2 protein chains.
Amino acid sequence: MLDNKHLNHFKSIVGVENVKSDKAHLIAYCYDATRERFEPDAVVFPRDEQDVSNILKYCNEHKIIIVPRGAGSCFTGGALPANGGIILSLERHMNQILEIDMENMLGIVQPGVINMDFQKAAEAVGLFYPPDPASEMYCTLGGNVAENAGGMRAAKYGITKDYVVALRAVLPNGEIITAGKKTIKDVAGYNTAGILIASEGTLAVITQITLKLIPKPKLKKTYMGIFPDVTKAMNAVFKSLAAGANPVAMEFLDALVIDALKQKFPDIDLPQNAGGILVGDVDGSSEAEITSQLETLKQSFKDNGSNGFIVAQSDEEADKLWFARKNASPATMVYGTKKLNEDISVPRSKLPEALEEIYKIADKYGLKAPCFGHSGDGNIHVNVMVKDKNNEQEMADGHKAIEEIFQLVVDMGGTLSGEHGIGLSKAPFMNIAFNQAEMELFKSIKKAFDPNNILNPFKMGL
Amino acid sequence: MLDNKHLNHFKSIVGVENVKSDKAHLIAYCYDATRERFEPDAVVFPRDEQDVSNILKYCNEHKIIIVPRGAGSCFTGGALPANGGIILSLERHMNQILEIDMENMLGIVQPGVINMDFQKAAEAVGLFYPPDPASEMYCTLGGNVAENAGGMRAAKYGITKDYVVALRAVLPNGEIITAGKKTIKDVAGYNTAGILIASEGTLAVITQITLKLIPKPKLKKTYMGIFPDVTKAMNAVFKSLAAGANPVAMEFLDALVIDALKQKFPDIDLPQNAGGILVGDVDGSSEAEITSQLETLKQSFKDNGSNGFIVAQSDEEADKLWFARKNASPATMVYGTKKLNEDISVPRSKLPEALEEIYKIADKYGLKAPCFGHSGDGNIHVNVMVKDKNNEQEMADGHKAIEEIFQLVVDMGGTLSGEHGIGLSKAPFMNIAFNQAEMELFKSIKKAFDPNNILNPFKMGL
């Protein structure tokens, strides 16, 4: 519990109406997409950067834990106050698009802007912001930067870090810094923006973001490649990309996901005998470019054993092709009552082997592990399904399978997380991915920014 | 002077033949492209990562300064041992291309590999490594990462940081870390690779680099836009890019550079009355794409006042168009005996104003400031020319002009350096670009990596 003295001080900074410690607010800000719950001691809604600075300075002096929070859509507990303290909620007031600079093709936003609102603002003037996490309708750009969010379009256009040009941020001591300029290139000083991206709110509170925009591609078409099994599909992923294909997205569904979709949506229009599917868009500035891209994909898929290639001829057809992928996550629930889902990532050439080994691990425990995700960038959403979440043995087996999968992936040169971050959920596995020197270095970096350990402490295994 | 005890220890690590302290070696490793000279106490040539680790561990224990060095092509003194210590030269033994991974489109190299050798190895298998600093024939990839090198192709393809997928590095305490995996996405742990890039050898010694490769574009054409003055040319830069042009390079020459070229190369074939020139390449996968790109450029240049647009029809014609840009730097020497050259960068829309103000500053001191460079990404190579370098007043005026130009650029939202780094040369100007909190943060980061301050100390104003 936070002393009233502290609550009153926060009220003196941001106004009475922007400090909440009633039960309703504590519950409203106790969760994220992990479904774990930790109530904060209070929720504070800063109105601007100066409020953030004043709050951090005070908390630093009084060693009060602060957990910055956007929309709370994180899959790994990044914004959960697992050790108490206050939630610093950026989404209520600091949610303005400050500028769309068409001359320099940049957008300047506050951290609480919703990803999709920014995409729309860019598209309204013929520009394009590619990073599109699945939560794009509600996640915030501040959270996207803090987690280095990915999305479907990463295969061609990269991820959040590829679009961050500059940041303003408040350090735990309350000092305001800028990291980066409104320039394409900047090599003066350390790349502090680079280390703030994906730091999960543990180093500083981001208060302003300058994002690169690109011209909006004129044309787009949706394709689907059908394969007899997922191994052939996964081979086609890296071989088609190495052959020069450059699709916006190249997503995959495995046989278990395809079966799940058929069970959950009996009317779904999916090819018979599809044991693996690749689906995505290609884009470009001319019909010729699109046609050439589709030809490269079709030929390369065929060379790798595909038995069908569909191109949508209308928006309705495109929606139909995308339906399976967009409903893959809920469909997997046909296999159990609890999903242990992780977003491992491997070098693309290792995708076939990674999936085969994942299935073997799940088999060993008598579990199913339907997989889908961003194959175009090597990112697999693996779902270890527990049939009965009240069965302790089965839950324990599920967790053991996940740990083995992490070890497998790291041994293959992959990573614990392609886009969801470490937060609380993956913290116990950090020692699989990092040696002692690396963990010590992370702790030194944390200490350099936050010597009193007030900012989202103990996340990421630190 | 380094105690013999230390020299003998280094010899015990790397072998007698890989430790040099004779005068010839001290002179050979005392310079870089700044033409300043500082002799090291010794030069050590590690054979592999383990040697680097052993050397750093020893130096850390004995507080011996180490300055890592690639080819010594830095423009800002990054590899100069201004405070003594040993040069750790990575170019003699650690210069192997370890792997070109075609399936994942990655290259893995040691730090001493020459940029162009890597470009050629990639192109030999149909792949492409875009970053092409002007020193590409002799600079090393380790130095490129340490400085976050740019180049002509940055306008379309970005800079070194956009291609670094993972690094191996040795910390000052001798511990070996990996930063990043062989994956497109990785959000586990802090982005230590992000902060090592552009850290100018002050945080760790990079021992292995994994670089992204892309499919080699099939076709390329060279264009030149002629303008009556540089202001119109600079307006055309950001307006054509905002209109959807996406040239590989968009380089510029101002009127002073054009005049200098005509003086130095009387036979040069440059359009009469050109007061500003834009030159570059466009590339693509089809003739249609190239034609469309060239049309966009031509129309946009015309809309912004160009009076000529040339497209090379052969490699010879392309070389002819590029000749002026490639010889711009030496040509400027017609204006003086000493060149004070800086590589400031501004938001592209500020290019016209930045150049006008730069000329005013130079005029005030009776100096000429011919400018050329990477307009496509806002990076200006400004050259304040001192007629007589032995004239102290004129030299002092030149330095005052440079300082005013830095202040101007920062006030415009730009940066001290687009690609050359800070090193020694720009260290005195860091306070123009960074506030006290930012400088304190840089120092904290330095200390987190290098508590004993042994690694390239006192660079970047730290």
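By convention here, each chain's residues receive numbers from 1 onward along its written sequence. Here every chain gets a letter starting at A, and every ligand a number starting at 1, in the order they are written. Local features in this predicted model are restricted to residues of pLDDT 70 or higher, and side-chain atom pairs are both shown and tallied only at a pLDDT of 80 or more, whereas totals for entire chains, interfaces and linings draw on every residue. In computing side-chain properties, one takes all heavy atoms of the structure into account and sets aside hydrogens as well as water.

1. Digging into the packing of aromatic side chains
Rule in force here: Only centres within 6.5 Å qualify two rings of Phe, Tyr or Trp (six-membered ring in Trp) as a pair; their planes then separate them into stacked at under 30 degrees, edge-to-face at over 60, and tilted for everything else. Put simply, DSSP H or I for four residues or longer makes a helix, DSSP E for two residues or longer makes a strand, and each gets a number counted from the N terminus. For the exposure calls, accessible area comes from a 1.4 Å probe over protein chains only, and a residue counts as buried if that area is under 20% of its type's maximum, exposed if over 50%, partly exposed in between. Any Lys NZ or Arg CZ that is within 6 Å of a ring centre and within 35 degrees of that ring's normal is treated as a charge sitting over the ring.
For the structure on display, the rule yields 26 aromatic pairs over all chains. Both rings, one in F265 of chain B and one in F323 of chain B, keep their centres 5.0 Å apart while their planes meet at 80 degrees; by these two values the pair is edge-to-face. Note that F265 of chain B is positioned in the loop between helix 9 (255-264) and strand 14 (276-284) and F323 of chain B in helix 11 (residues 315-326), a separation of 58 residues in sequence. You can call F323 of chain B partly exposed: its relative accessible area is 32%. For the pair F301 of chain B and F309 of chain B, a centre-to-centre distance of 5.7 Å together with 75 degrees between the ring planes defines the contact as edge-to-face. Members of the aromatic cluster, connected to one another through ring pairs, are Y223, F227, F301 and F309 of chain A. When the ring centre of W322 of chain A is taken as origin, the NZ or CZ atom of K326 of chain A, which lies over that ring, is 5.4 Å away.

2. Here's the deal with the interface of chain A and chain B
Quick reminder of the rule: What makes two residues a contact is simply this: any of their non-hydrogen atoms within 4.5 Å. Put simply, buried area is how much 1.4 Å-probe accessible surface two parts lose in total, over both of them, once they are put together. Salt bridges are defined as contacts in which a side-chain nitrogen from Lys or Arg sits within 4 Å of a carboxyl oxygen from Asp or Glu. N or O atoms within 3.5 Å of each other form a polar contact, as long as, within protein, one can give a hydrogen and the other can take it, and as long as residues adjacent in sequence are counted only when both atoms are side-chain atoms. Polar here means any residue other than Ala, Val, Leu, Ile, Met, Phe, Trp, Tyr, Cys and Pro, which are nonpolar, and Asp, Glu, Lys and Arg, which are charged; Gly is therefore polar.
Counting from both sides, the interface comprises 73 residues of chain A and, opposite them, 73 residues of chain B. Its largest share of buried area at the contact with chain B, chain A owes to K185, V187 and Y190 of chain A, together 17% of the area lost on that side. Along the contact surface separating chain A from chain B lie four salt bridges. Taken together, the connections running from chain A to chain B amount to 24 residue pairs in polar contact (both at pLDDT 80 or more). Those elements that place two or more of their residues in the side of chain A that touches chain B are strand 9 (176-179), helix 7 (192-196), helix 8 (230-242), helix 15 (430-433) and helix 16 (436-449) of chain A. In terms of residue count, helix 16 of chain A provides more of the side of chain A that touches chain B than any other element does, nine residues in total. In the side of chain A that touches chain B, the residues fall into 34 nonpolar, 25 polar and 14 charged.

3. What about unusual backbone geometry?
Phi at E200 of chain A is positive, roughly 55 degrees, even though this residue is not glycine. For E200 of chain A, the location among the structural elements is in the loop between helix 7 and strand 10 (205-212). Although it is not a glycine, N456 of chain B sits at a positive phi angle of roughly 45 degrees. Examined against the element boundaries, N456 of chain B turns out to sit in the segment after helix 16 (436-449). The class for N456 of chain B is buried, based on a relative accessible area of 1%.

4. Some thoughts on the domain arrangement of chain A
Residues and elements named next belong to chain A. Convention followed: Domain start and end points were adopted from an automatic or database domain assignment.
Segmentation of chain A into domains returns domain 1 (4-92), domain 2 (97-215), domain 3 (219-329) and domain 4 (336-433). Between the C-alpha centres of domain 1 and domain 4 the distance comes to 32 Å. Taken together, the contact between domain 1 and domain 4 spans nine residues of the former and eight residues of the latter. Where domain 1 abuts domain 4, roughly 570 Å² becomes buried across the two surfaces, and 61% of that area is made up of carbon and sulfur atoms. At the surface where domain 1 touches domain 4, the tally comes to zero salt bridges. On inspection of domain 1 and its partner domain 4, the count reaches three residue pairs in polar contact (both at pLDDT 80 or more).

5. Digging into the UniProt feature "domain: FAD-binding PCMH-type" (unreviewed entry) in chain A
Using the following cut-off: UniProt positions are given in the numbering used here, feature names are shortened, and annotations may be inferred rather than shown by experiment.
Mapped onto this numbering, the UniProt entry annotates "domain: FAD-binding PCMH-type" (unreviewed entry) at residues 36-216 of chain A. Annotation note: span residues 36-216 of chain A, helix share 22%, strand share 24%, distance between end C-alpha atoms 39 Å.

6. Quick look at empty space enclosed by the protein
Gaps left between atoms are located by rolling a probe of water-molecule size over the structure's atoms. What counts, and what does not: Points on a 1 Å grid over protein atoms alone make up a cavity when a 1.4 Å probe fits among them but cannot get out, and a pocket when they form an open set with protein on both sides within 12 Å along at least five of seven lines; lining residues each have an atom within 4 Å of a point. Grid points are joined across faces, edges and corners, and a volume is the space filled by probe spheres set on the points.
Scanning the model with the defined rule gives four cavities of 30 Å³ or more in all. Roughly 60 Å³ of volume is contained in the largest cavity. What lines the largest cavity is simply N104, L106, V165, K182, T183, I184 and K212 of chain A together with P347 and R348 of chain B. Per-class residue counts for the lining of the largest cavity are four nonpolar, two polar and three charged.

7. Examining the relation of the copies chain A and chain B
Each of the two chain copies can be brought onto the other by rotation about an axis and movement along it. Note the cut-off: Fitting of the copies onto one another was done by least squares over C-alpha atoms, counting residues only where both copies have pLDDT of at least 70.
Structural alignment of chain A on chain B gives an RMSD of 0.0 Å, achieved by rotating through 180 degrees and translating 0.0 Å along the axis. The operation mapping one copy onto its partner corresponds to a two-fold rotation axis. No C-alpha of chain A lies nearer the rotation axis than that of G194 of chain A, which sits 2.5 Å from it. Most of the interface of chain A is mirrored in chain B, where 100% of its interface residues again form contacts.

8. Considerations on the sheet that holds strand 12 (residues 219-227) of chain A
All names here are of chain A. Cut-off, in case you're wondering: At least two bridges found by DSSP between two strands are what make those strands a pair. Geometry is summarised by axes, namely lines fitted to C-alpha atoms with helices restricted to the contacting stretch, and by angles between N-to-C directions that run from 0 to 180 degrees.
One open sheet holds the seven strands; their spatial order is 15-12-14-13-17-18-16, and the pairing between them is antiparallel. Of all the strands in the sheet, the pair left with one neighbour each is strand 15 (308-311) and strand 16 (338-342). When the angles between neighbouring strand axes are averaged without regard to direction, this sheet yields 15 degrees. Here helix 13 (residues 351-364) sits on the sheet and contacts strand 13 (251-254), strand 17 (371-374) and strand 18 (379-386); the angle it forms with strand 18, its principal contact strand, is near 10 degrees. Each of strand 16 and strand 18 touches helix 14 (residues 392-411); the most contacted strand, strand 18, lies at about 160 degrees to it.

9. Looking at the packing of helix 8 of chain A against helix 10 (residues 287-303) of chain A
Residue and element names in this part refer to chain A. Basically, it comes down to this: Angles below 35 degrees are treated as roughly parallel, those above 145 as roughly antiparallel, those between 65 and 115 as roughly perpendicular, and all remaining angles as oblique. In this scheme the handedness of a crossing depends on how the near helix is turned from the far one: anticlockwise by less than a right angle means left-handed, clockwise means right-handed.
Relative orientation of the contacting elements helix 8 and helix 10 amounts to 135 degrees, with a least axis distance of 9 Å. Classified by the interaxial angle, the pair formed by helix 8 and helix 10 is oblique. The chirality of how helix 8 crosses helix 10 is right-handed. Residues A236, K239 and S240 of helix 8 touch helix 10, and the partners they reach there are L297, S300 and F301. When its residues are assigned to classes, the contact of helix 8 with helix 10 shows three nonpolar, two polar and one charged.

10. A short note on the environment of R153 of chain A
Residue and element names in this part refer to chain A. Positionally, R153 belongs in the loop between helix 5 (141-147) and helix 6 (154-157). R153 sits 41 residues away from G194 along the chain, and the two C-alpha atoms are 21 Å apart. Excluding anything up to four places from it in sequence, R153 contacts Q119, F128, Y129, P130, D132, G158 and V248. For R153, the side chain forms a polar contact with the side chain of Q119, separated by 2.9 Å.

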